[in-house]
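# Working through the structure, step by step
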Amino acid sequence: MRADARRNYERLLAEARSAFAEHGTDASLEDVARRAGVGIGTLYRHFPNRRALMSAVFEEAVSDLLARSRELLEAPQPCTALVDWLREIITHASEYRGLARALMSASRDDGSHLARCSGPMREAGSALLLRAQEAGAVRPDVSIGDLLQLTNAIALAAEETPDDPALADRLLSLTLRGLKP
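For the structure given in this document, a descriptive report is provided here. (Residues numbered from 1 in each chain as written. Predicted model: local features only at pLDDT ≥ 70, side-chain atom pairs only at ≥ 80, totals over all residues. Heavy atoms only, no water.)

## Details of the overall build of the protein
- Helix and strand counts for the protein stand at nine helices and zero strands.
- Reading the helices (α) and strands (β) of the protein from amino to carboxyl end gives α-α-α-α-α-α-α-α-α.
- At 18 Å, the protein has a C-alpha radius of gyration in line with the 16 Å of a compact globule built from 181 residues.
- Across the 181 residues in the protein, those meeting the buried criterion constitute 46%. (Helix = DSSP H or I, 4+ residues; strand = E, 2+ residues; numbered from the N terminus. Rg over C-alpha atoms; globule rule 2.2 N^0.38 Å. Buried < 20%, exposed > 50% of the residue type's maximum accessible area, 1.4 Å probe, protein only.)

Listed below in structure tokens is the structure:
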């Protein structure tokens, strides 16, 4: 990528992060381009659609979650490690209004740009889940797909109820009770 194209790309990402945090993932892409000092055509050359831009914005956070999952594979309590990771996913999904909904729909569309993020997350979560199942702390019929959908649903519920900051943790605790054998 040429230096000017790279600068445009980085400015677009920075402005998208800011716009998504401020207005949610439905923020105006025209506004993102304007704030980055480029035309909408430049935005679409770098990111062919909203989901491609969202994927690029969230890749850094996903990298952090993936690194955290690798650390947690060494934790002495497999179930606690899985729960800690799920809590971190909920926190991440709550950072941008609309992200939880987008992640839920991406789980059904392997061809979407967000699927690039969800595939590695499934693999990382599967390793943590398997470890907890092998330790006898989680029922064998629990799947990582179900857990990720539940965490996104919890983040969505918390997003819709901003006046109850403890809701996500309560819902996760209720969900986790159903995981035990």
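## A short note on the environment of histidine 92
- Note on placement: histidine 92 falls in helix 5 (residues 78-93).
- Each C-alpha atom of the pair histidine 92 and aspartate 64 lies 10.0 Å from the other, and the pair is 28 residues apart in sequence.
- Leave out the neighbours within four places in its chain, and histidine 92 touches Phe58, Ala61, Leu65 and Leu99. (Contact = heavy atoms within 4.5 Å.)

## Let's talk about the packing of helix 1 (residues 3-23) against helix 2 (residues 29-36)
- Where helix 1 contacts helix 2, the axes come no closer than 9 Å and their chain directions differ by 130°. Considering the angle they form, helix 1 stands oblique to helix 2. The interaxial crossing formed by helix 1 with helix 2 has right-handed handedness. Across from Arg11, Leu12, Glu15, Ala16, Ser18, Ala19, Glu22 and His23 in helix 1, the residues of helix 2 making contact are Val32, Ala33, Arg35 and Ala36.
- Partitioning the contact of helix 1 with helix 2 into residue classes produces six nonpolar, two polar and four charged. (Axes fitted to C-alpha atoms, helices over the stretch in contact; angles between N-to-C directions. Parallel < 35°, antiparallel > 145°, perpendicular 65-115°, else oblique. Left-handed = near helix turned anticlockwise from the far one by under 90°. Nonpolar A, V, L, I, M, F, W, Y, C, P; charged D, E, K, R; others polar.)

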